[in-house]
Every structure is written in C-alpha cells, then in structure tokens.
Amino acid sequence: MAQKKNLLWFHSCVVVAQLYTVFYDFYYLTWKDRPLLERCIKLTLFNFALSTVYWVARAVEDVVELPRWVDTRRVLLGLVMPLSTVVFLLFWAIVLYDADLLRNEQLKLKMQMGLVKVPMWLTHSYHTTVVLFPLVDLFLTRDLATSKHKHRKQQTSTATAISLFCVITGGYYATILSIGYTQGVWAYPLLAILSTNQRLLLGVLVMTLGSCLSMAYMSIDRAKRSDPKDKSR
C-alpha cells in the first residue's frame, strides 16, 4: 500500500510538471504574431503530449485497476520510451551541431533582441526528463511488474509494439510533411532546407531507430522478467 501511495505521488508530480511546462511555454514564450500551427506540429510537443497521456494513465492506474487490455508498462517500453529516446538523441545531437536548425527566424530574432529567453529547465523538461522519468518509473515498479504480469492472460508482443510505434510516428511524420508542402509551415527549419528525398530518408531513419529501440526495450524487459534470479526474490 505504501508503495502504491509513493507511485501515485510520483506520477501525479510528473503530470503536474509536464502540464506546467506546456503552460509556461505557450503563455510566456510567445508573441502576438507567433504561428500556433508551427508550434503544435513539433516532434517535441507531440512526444510530450503522448508521454503526458501515459503519466495520467499511470496515475489513474495507481487508484483504480485498468482493463486487462490496457498494459501501461508495454506502452511505456514499446512507444513512450523509444520515441522519447529519439527526441532526446536528435535534439541534443542537432543542438551540438547547430542549434539554429531547430529555431525559426522569428524565434532567433526575438532571442537576439532579448525579448524571449528560453530557460534551461524548460529545455530539459521537453528533451531530457522525458527519458529520465520513465527510467525512474521502471525502477520504482520493478517488483510490481513481475507479479502483475504473471496474472495477465495477454501481453503486447514486440512485433505489435513496433507496429504501434511505426503507425503513430509514421502518421505524425506524414502529417507534418503534408502541412509543410500544402501550407509552407515546417515544424523545423531543418525540414525546410532538405529535399524531398532527404525528408523521406530522415523519416525512415527515425522510424528505424525508434523500432530498434522499441524492440530493445521490450526484449530487455522480457528477459529480466524471465530471469530465474528475479523470480526467486
């Protein structure tokens, strides 16, 4: 019971932190003519929204039992963590190379004039804690997961998890490309300077990386839960 209360406290704090992050971003880091569409189609925000839904589900699960077909742990390992890891790796790799590839001209101008200042905590909230919080959650629930999954009749297979990842991320990428071609609004300046073939290649690389991460996370979890040492505890 005490562990459940601690988990509820942790999950609730994460939900509040993520909601405050979005509120701060849209309320303080904005200006009169800043395009709303360009902000809403970013991979960072898409991933953040998915992870927030996950954390809300986890908080609810701490209070009431969810239906058997709702397997939050498998969603975490097969979708949330792989996509968050992709966001983490892509963002920090591009920032180290050239941060301007992630900022449009308006944002760069406002930052140069000192009218907009992006706090470091916000950057880490969007791109770093999305990986750290799930790792903490896995650590806190390592004992509960083993006993819980023993009673499940069905479990999400690795192939299903990868398919879910590809469908969701593929749908997202197709949407932002469609918006870019039809309305001239690109989620990131990097996409605007790439050719069509390069954009398609980028999408394939991201989905391949995410699929490999999904398979890796699911396989590691399955191996750990089947480890005789874990079962003997």
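Every value quoted in this text rests on a predicted model; they were computed, and no experiment measured them.

What counts, and where the lines are drawn
- Every residue gets a number counted from 1 within its own chain, in the order that chain's sequence is written.
- Whole-chain, interface and lining totals are the exception, using all residues; otherwise, since this is a predicted model, local features are given only for residues with pLDDT of at least 70 and side-chain atom pairs are given and counted only at 80 or more.
- Hydrogens and waters are ignored; side-chain quantities use all the structure's heavy atoms.
- Each helix is a run of DSSP H or I of at least 4 residues and each strand a run of E of at least 2, with the numbering of both proceeding from the N terminus.
- Contacts are assigned to residue pairs that have any heavy atoms within 4.5 Å of one another.
- Residue-level accessible areas treat just the shown protein chains as cover; the underlying method is Shrake-Rupley with a 1.4 Å probe.
- What counts as an axis is a line fitted to C-alpha atoms, over the stretch in contact for a helix, and the angles between N-to-C directions run from 0 to 180 degrees.
- To sort the angles, those under 35 degrees are grouped as roughly parallel, those over 145 as roughly antiparallel, those from 65 to 115 as roughly perpendicular, and the leftovers as oblique.
- By the definition used in this description, the sense in which the near helix is turned from the far one sets the handedness, with an anticlockwise turn below a right angle giving left-handed and a clockwise turn giving right-handed.
- Basically, the charged four are Asp, Glu, Lys and Arg, the nonpolar ten are Ala, Val, Leu, Ile, Met, Phe, Trp, Tyr, Cys and Pro, and anything else, Gly included, counts as polar.
- When the centres of two rings from Phe, Tyr and Trp lie within 6.5 Å, Trp using its six-membered ring, the rings pair. Their planes under 30 degrees apart give stacked, over 60 give edge-to-face, and anything left gives tilted.
- Each residue gets one of three labels from its accessible area relative to the maximum for its type: buried under 20%, exposed over 50%, partly exposed in between, using a 1.4 Å probe on protein chains only.
- Only buried residues count toward a nonpolar core, which is a set of Ala, Val, Leu, Ile, Met, Phe, Trp, Tyr and Cys residues joined through side-chain atoms within 4.5 Å.
- Residues adjacent in sequence count toward polar contacts only when both atoms are side-chain atoms; beyond that, a polar contact is any pair of N or O atoms within 3.5 Å, and within protein one must be able to donate a hydrogen and the other to accept it.
- The term salt bridge refers to a pairing of a side-chain nitrogen on Lys or Arg with a carboxyl oxygen on Asp or Glu at a separation within 4 Å.

Points about the overall build of the protein chain
A tally of helices and strands in the protein chain yields 12 helices and 0 strands. Summarising the internal contacts of the protein chain: among those between residues at least 6 apart in sequence, 82% fall at separations of at least 24. Total accessible area computed for the protein chain in this model is approximately 13200 Å², and 68% of it derives from carbon and sulfur atoms.

Digging into the packing of helix α3 (residues 43-63) against helix α4 (residues 72-98)
Interaxial distance between α3 and α4 falls to 10 Å at its minimum, and their mutual angle equals 155°. Between α3 and α4, the angle is such that the two are roughly antiparallel. Classified by chirality, the crossing of α4 by α3 is left-handed. Contacts between α3 and α4 involve Leu 43, Thr 44, Phe 46, Asn 47, Leu 50, Ser 51, Tyr 54, Ala 57, Arg 58 and Glu 61 from the former and Thr 72, Leu 76, Val 80, Leu 83, Ser 84 and Val 87 from the latter. Here the residues of the contact of α3 with α4 are counted per class, giving 9 nonpolar, 5 polar and 2 charged.

Overview of the packing of aromatic side chains
Tallied over the entire structure, the rule returns 15 aromatic pairs. Ring geometry for Tyr 20 against Phe 23: centres 6.2 Å apart, planes inclined by 40°, an arrangement best described as tilted. Placement of the pair is Tyr 20 and Phe 23 together in helix α1 (residues 2-28), with a separation of 3 residues, close to one helical turn. Judged by relative accessible area, which is 43%, Tyr 20 ranks as partly exposed.

Observations regarding the nonpolar core
If you look at soluble globular proteins, the nonpolar side chains tend to sit buried side by side. Residues Leu 43, Ile 176 and Leu 191 are the most contacted members of the largest nonpolar core, which totals 20 residues. Listed by contribution, the elements that provide at least two residues to this core are α4 and α9 (158-183). Residue contributions to this core peak at 6 residues, all from α9. When sequence neighbours within four positions are dropped, the list of residues in contact with Leu 191 reads Tyr 173, Ile 176, Trp 186, Arg 199 and Leu 202.

Describing the environment of Phe 48
Position of Phe 48 relative to the elements: it lies in helix α3. Along the backbone, Phe 48 and Gln 18 are 30 residues apart, and their C-alpha atoms lie at a distance of 7.8 Å. Apart from residues no more than four positions distant in its own chain, Phe 48 is found in contact with Gln 18, Thr 21, Val 22, Ser 125, Tyr 126 and Val 130.

Thoughts on the side chain of His 11
Secondary-structure assignment places His 11 in helix α1. Relative accessible area serves as the criterion here: at 0%, His 11 is assigned to the buried category. Within polar-contact distance, the side chain of His 11 engages the side chain of Asp 62 at 2.5 Å. Once residues within four sequence positions are removed from consideration, His 11 is found in contact with Trp 55, Arg 58, Ala 59, Asp 62 and Asp 137.

A closer look at the pattern of salt bridges
Side chains that carry opposite charge are capable of pairing whenever their charged atoms lie near each other. In the structure shown here, the tally under the stated rule is 5 salt bridges. A salt bridge links Glu 61 to Arg 58; the shortest N-O distance between them is 2.7 Å. Taken together, the residues span about one helical turn, with Glu 61 and Arg 58 both in helix α3 at a distance of 3 residues. Accessibility classification places Glu 61 together with Arg 58 in one group, the buried group. The salt bridge involving Asp 137 is made with Arg 58; its shortest N-O contact spans 3.3 Å. Of this pair, Asp 137 sits in helix α7 (residues 129-140) while Arg 58 sits in helix α3, and the two are 79 residues apart along the sequence.

Some points on the side chain of Thr 158
With respect to the helices, strands and loops of the structure, Thr 158 is situated in helix α9. Note on Thr 158: relative accessible area 15%, which makes it buried. In contact with Thr 158, not counting residues within four places along its chain, are Met 215, Met 218 and Arg 222.

Quick look at the environment of Leu 209
Within the fold, Leu 209 resides in helix α11 (residues 196-225). For Leu 209, a relative accessible area of 33% corresponds to the partly exposed category. Taking the C-alpha atoms as reference, Leu 209 lies 9.5 Å from Thr 85; in sequence the two are 124 residues apart. Discounting chain neighbours no more than four positions away, the residues touching Leu 209 are Val 86 and Leu 89.

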